[in-house]
Amino acid sequence: MSNLDRVAVPAVCGGRGFVVAEPVRELLSPRRVMLGESGEVRRLLPNLGRRMVGAWCFVDHYGPDDIAQEAGMQVPPHPHMGLQTVSWLHEGEVLHRDSTGTVQTVRPRELGLMTSGRAISHSEESPRSHARFLHGAQLWVALPEGHRHTEPRFEHHAELPVVTAPGLRATLILGGLDGATSPGTTYTPLVGADLALTRGADVRLPLEPDFEYAVLSMSGEAHVDGVPVLPGSMLYLGCGRAELPLRAESDAGLMLLGGEPFEEELIMFWNWIGRSQDEIVRARQEWMEGSAFGKVDGYDGDPLPAPELPPTPLKPRGRVR
């Protein structure tokens, strides 16, 4: 999914200077952003209070939306560089097309993982014949210096490892959890997991003390380390945890995001992640000229134009609040 803000604001991310090195309970409220003309998403990262969680640098939660009489998701071709996109659905379908020639429908609890590397463009849309409801999350992972110019690729994993406990079914999206490992390609130590809790569940999830974590609520009523987390909000948990208490007041859906704190400083502008002003300027010029990000075939519509650059220079910095 694209960042469709027409007045894009650069986000300065990365660096370990503001990593919380101990367990905390920091509740993050979403910023509501229009996706196209009618769709609305709740943006949790980057957030005024928290820019990254490990290498996770962008989180949008959307739905559940009733799209029975609507076209549903319609995101025209747009570019990415320096990151991975993770498409994750609880309801509905998304048809992905990209400039490598991939055409793939992603369905609930299947992993759609796009590595942009040096340059890619893609579109996302609800299929013409689609389910009534659309509900999911779109997430980005920043690529480290050694891999951010890699060749672009798309992975689709319909079958993913599952970790179970009484009242808990955890589907592993990326990374490792409790001895299970996702088939999705990663470039930094991280984890992403979908947690389905049944009403009355009271469990403790094993964690890596060196990772920082956050939990996004997708649905239902759940308490994370004693804190009620409502759908569309995120609880930042800091580092230093060996386990995470979870309790469900109703059937609930959560997403666990974590990873080693991302050391590099970077700039995120529109749909690009770079390290300097010059990189972002060049990426914008190449996208508008059609010279570097390839072409998406099959989408019925024009590519998205890039927003104007801000008047002040873009500078990479560490984690700021």
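What you see is a predicted model; the values in this text were computed from it and never measured.

Rules used in this analysis
- Residues numbered from 1 in each chain as written.
- Predicted model: local features only at pLDDT ≥ 70, side-chain atom pairs only at ≥ 80, totals over all residues.
- Heavy atoms only, no water.
- Helix = DSSP H or I, 4+ residues; strand = E, 2+ residues; numbered from the N terminus.
- Buried < 20%, exposed > 50% of the residue type's maximum accessible area, 1.4 Å probe, protein only.
- Contact = heavy atoms within 4.5 Å.
- UniProt positions renumbered as here; feature names shortened; annotations may be inferred.
- Core = buried A, V, L, I, M, F, W, Y, C linked by side-chain atoms within 4.5 Å.
- Pairing = 2+ DSSP bridges.
- Axes fitted to C-alpha atoms, helices over the stretch in contact; angles between N-to-C directions.
- Polar contact = N/O pair within 3.5 Å; in protein donor to acceptor, adjacent residues only side chain to side chain.

A.B. asks: Please provide a residue-by-residue account of the environment of leucine 309, values included.
C.D. replies: Mapped onto the elements of the fold, leucine 309 is located in the segment after helix 1 (277-289). Using a relative accessible area of 26% as the deciding quantity, one classes leucine 309 as partly exposed. For the pair leucine 309 and phenylalanine 269, spaced 40 residues apart in sequence, the C-alpha to C-alpha distance is 8.6 Å. With sequence-adjacent residues up to four places away left out, leucine 309 is seen in contact with Phe269, Ile280, Val281, Arg284 and Leu314.

A.B. asks: Explain the UniProt feature "domain: Pirin C-terminal" (unreviewed entry) in the chain residue by residue, including any values.
C.D. replies: Cross-referencing UniProt, the feature "domain: Pirin C-terminal" (unreviewed entry) maps to residues 193-290 in the present numbering. For the annotated span residues 193-290, helix accounts for 13% and strand for 52% of the residues, and the straight-line distance between the end C-alpha atoms is 36 Å.

A.B. asks: Please provide a residue-by-residue account of the nonpolar core, values included.
C.D. replies: Among the nonpolar cores identified, the biggest contains 36 residues, and Val86, Leu174 and Met234 are the most heavily contacted of them. Ranked by residues supplied to this core, first place goes to strand 12 (residues 133-142) with 5 residues.

A.B. asks: Which residues make up the sheet that holds strand 11 (residues 120-125), and what values go with them?
C.D. replies: Strands sit in the order 6-11-8-9 across an open sheet of 4 strands; the sheet is antiparallel. Both edges of this open sheet fall to strand 6 (74-80) and strand 9 (103-106), since each of them pairs with a single strand only. Taking the axes of each pair of neighbouring strands and ignoring which way they run, one obtains an average angle of 20° across the sheet.

A.B. asks: Which residues make up the side chain of glutamate 212, and what are the values?
C.D. replies: Residue placement: glutamate 212 occurs in strand 19 (residues 212-219). At a separation of 2.8 Å, a polar atom in the side chain of glutamate 212 contacts the main-chain amide nitrogen of glycine 54.

A.B. asks: With reference to specific residues and values, describe unusual backbone geometry.
C.D. replies: Most peptide bonds take the trans form, and the phi angle of most residues other than glycine is negative. The omega angle of the peptide bond from leucine 45 to proline 46 is -10°, so this bond is cis rather than trans. With respect to the secondary-structure elements, proline 46 resides in the loop between strand 4 (39-45) and strand 5 (56-66). Residue glycine 63 is joined to proline 64 through a cis peptide bond whose omega torsion reads 0°. Of note, proline 64 is situated in strand 5. One non-glycine residue with positive phi stands out, namely arginine 109, at about 60°. One can find arginine 109 in the loop between strand 9 and strand 10 (111-115).

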